[in-house]
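These are the residues of each chain, in order.
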Amino acid sequence: MSSVKRTSRDIRTANRYEVLRQIIAESPTSRQELAAGTGLSLATVATLVGELLDLRLITEVGFEDSAGGRPRGLVAVNTSGGALIGVDIAETYVRVELFDLALNVLARADENMRPGESRPEQVVGHVAAAVGSVVTQAGVEGARVLGVGVSVPGQVDREGGVSEYAPNWDWHDVPLLDLLAEHIAYPLYLDNPLRACAVAELWFGAARGRGDAVVVNLGTGVGAGLVLGGGLHRGVSNSAGEWGHTTLVLDGRLCHCGNHGCVETYVGAPGIMLHLRELAPRSTLLHPEDQTATIDALARGVADGDPVALKVVRDTARYLGAGIADLVNLLNPEVVVLSSWVAATLGEPLLAEVREAVARHSLRRPLDAAEIVLSPIPTDPVCLGAATFALEGALSSFSQRPTRRGVPARSRTASAS
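Since this is a predicted model, take the numbers as computed values, not measurements.

Caption draft 1: Structural context of the overall build of the protein. Counting secondary structure elements, the protein contains 14 helices and 16 strands. In summary, the protein has a C-alpha radius of gyration of 22 Å against a globular reference of 22 Å for 417 residues, a match within 12%. C-alpha atoms of the protein, sized along the principal axes, occupy 70 × 50 × 45 Å. Taken over 417 residues, the protein has a buried fraction of 55%. Within the protein, residue pairs in contact and separated by at least 24 positions form 62% of the contacts whose partners lie at least 6 positions apart. Carbon and sulfur atoms make up 50% of the accessible area of the protein, which amounts to about 17,800 Å² in all. Here the protein contributes 36 positively and 47 negatively charged side chains, and the mean placements of these two sets differ by 5 Å.

In structure tokens, the structure reads:
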């Protein structure tokens, strides 16, 4: 009996989340438009809107004239009803952004992580400092922070708040949320950048309104966030999308994961740097200890017509295109989005080469259906996606009140995103 209750509550939470997501996207909007947009009945929408009003997440903002009929009440996001924090823990930096409930950025803090600074307690220190900084900058009272979404690379147990395996740091079973909870008093929610980027694109970017999309993360690590059938695809153990650790070259470069020839070793930032070193060991484009500086230099080199830079980007795109063609043939998506900092830095020249390479390796029918684009999200998509996980978690915890202090951080959030 209890499992039926939990299932119906999860469905209600998912529906509440869907209605709020629609209000954020279309604010201000009417209950009738929400029913049409979500496919829920007007009665259900009216109930859910009432709950969101009670929670102060949305507010009534007047009426629209419905061409002589009864006026319709409009609702909008109550931007001052709470704040959300998104944390992007990457291999070379920690970035934290604080958002209002319409997911506008109010404050940002960055902490650089030098090579060798990746022990869990060092990373936690950076996160705690940056979270404190954004709360101070925004002048937000602690009670108004609804939650903190944390993205960490690698395999994640989001229910237990554990970083199970981060190959680039050799982390195994790090209880990350417990460590963070010693410094951060707000509810905490954990996932990885593949899911975070996919959710950001689904809400605000190139995957919005698309049923099937692949969001390719190109950074130090590489992976693919999957949107299938209109929702985030996590897989049975929250491990879907580890495309960066599929084999691209038999007996190829050694990967941190222990295998050889993984996609990541050819198209992640360290792989691109290795290719540059092999091509031109004394190139001024190469900054041996600095991934960001090297990728920035390559982008400038391409713009200036530097032959070495052009070859490195073209070769990277050839590998990337072959790997993306596998995703196109396998998943038949409407859109493939190139996201994260390497894609953003190399930009249009990389995109043009990737499109050509994908066309060479894909079957014609799925290729014709797939658009390949750069992420249009102007801020850090991982922070944005992580903040939406905090919003999802807050909505789930609202439905479970009264709760013990701290339970929302471990609560099972509905996979409505």
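Let's pick the thread back up.
Caption draft 2: Molecular detail of the sheet that holds strand β6 (residues 105-112). In spatial order, the strands read β6-β5-β4-β7-β11; together these 5 strands make up an open sheet with mixed pairing. A strand with exactly one partner marks an edge of an open sheet, and here the two such strands are β6 and β11 (188-191). Strand-to-strand twist across the sheet, computed as the mean angle between neighbouring axes with direction ignored, equals 15 degrees. With 4 bridges connecting them, strand β7 (residues 145-151) and β11 associate as parallel partners. Looking at β11, one finds that Gly149 is bridged to Tyr189.

Caption draft 3: Just the packing of aromatic side chains, in detail. Counted by the stated rule, this structure contains 4 aromatic pairs. Seen in terms of ring centroids, Tyr17 and Trp203 are 5.5 Å apart; in terms of plane orientation they differ by 55 degrees. Their pairing is tilted. Taken together, the residues span a long stretch of sequence, with Tyr17 in helix α1 (residues 2-26) and Trp203 in helix α6 (residues 193-204) at a distance of 186 residues. Judged by its relative accessible area of 3%, Trp203 falls in the buried class. On the numbers, 4.7 Å between centres and 40 degrees between planes, the contact of Tyr266 with Tyr319 is tilted. You can see Tyr266 sitting in helix α7 (residues 264-267) and its partner Tyr319 sitting in helix α10 (residues 307-331), a full 53 residues away along the chain. According to the relative accessible area criterion, Tyr319 is partly exposed, its value standing at 30%.

Caption draft 4: Focus on the pairing of strand β13 (residues 222-228). When you tally the buried positions in β13, you get 6 out of 7 residues, the bulk of the element. Both strand β12 (residues 213-218) and β13 contribute to a ladder of 6 bridges, which runs antiparallel. Paired with Ala213 across the strands is Val227, a residue of β13. Where β12 folds back onto β13 in an antiparallel hairpin, the turn is made up of 3 residues. Here β13 runs beside strand β14 (residues 231-232); their pairing, made up of 2 bridges, is antiparallel. In the strand pairing of β14, Val227 is matched with Leu232.

Caption draft 5: Representation of the packing of α10 against helix α11 (residues 340-361) in the model. Look at α10 against α11: their axes get within 7 Å of each other, and the N-to-C directions meet at 50 degrees. For the element pair α10 / α11, the angle class is oblique. Crossing of α10 against α11: the hand is right-handed. For the pair α10 and α11, the contacting residues are Val313, Arg314, Ala317, Arg318, Leu320, Gly321, Ala322, Ile324, Ala325, Val328 and Asn329 in the first and Leu346, Leu350, Glu353, Val354, Ala357, Val358, Arg360 and His361 in the second. The residue inventory of the contact of α10 with α11, partitioned by class, reads 12 nonpolar, 3 polar and 4 charged.

Caption draft 6: Structural view of the pattern of salt bridges. Tallying each qualifying case throughout the model produces 18 salt bridges. Arg12 serves as the salt-bridge partner of Glu51, at 2.2 Å between the closest nitrogen and oxygen. Here Glu51, found in helix α3 (residues 42-54), pairs with Arg12, found in helix α1; they are 39 residues apart in sequence, far enough to count as distant. For Glu51, a relative accessible area of 16% gives the class buried. In this structure, the salt-bridge partner of Arg253 is Glu278, at a minimum N-O distance of 3.3 Å. In this pair, Arg253 sits in the loop between β14 and α7 while Glu278 sits in helix α8 (residues 269-279), placing the two residues 25 residues apart along the sequence. Its relative accessible area of 15% is what places Arg253 among the buried residues. Three or more residues are tied together by salt bridges with common partners; here these are Arg12, Arg16 and Glu51.

What counts as what
Residues numbered from 1 in each chain as written. Predicted model: local features only at pLDDT ≥ 70, side-chain atom pairs only at ≥ 80, totals over all residues. Heavy atoms only, no water. Helix = DSSP H or I, 4+ residues; strand = E, 2+ residues; numbered from the N terminus. Rg over C-alpha atoms; globule rule 2.2 N^0.38 Å. Buried < 20%, exposed > 50% of the residue type's maximum accessible area, 1.4 Å probe, protein only. Contact = heavy atoms within 4.5 Å. Areas by Shrake-Rupley, 256 points an atom, 1.4 Å probe, with all protein chains shown as cover. Lys, Arg positive; Asp, Glu negative; His and termini not counted. Charge placed at Lys NZ, Arg CZ, Asp CG, Glu CD. Pairing = 2+ DSSP bridges. Axes fitted to C-alpha atoms, helices over the stretch in contact; angles between N-to-C directions. Phe/Tyr/Trp six-rings, centres within 6.5 Å; stacked < 30°, edge-to-face > 60°. Parallel < 35°, antiparallel > 145°, perpendicular 65-115°, else oblique. Left-handed = near helix turned anticlockwise from the far one by under 90°. Nonpolar A, V, L, I, M, F, W, Y, C, P; charged D, E, K, R; others polar. Salt bridge = Lys/Arg side-chain N within 4 Å of Asp/Glu carboxyl O.

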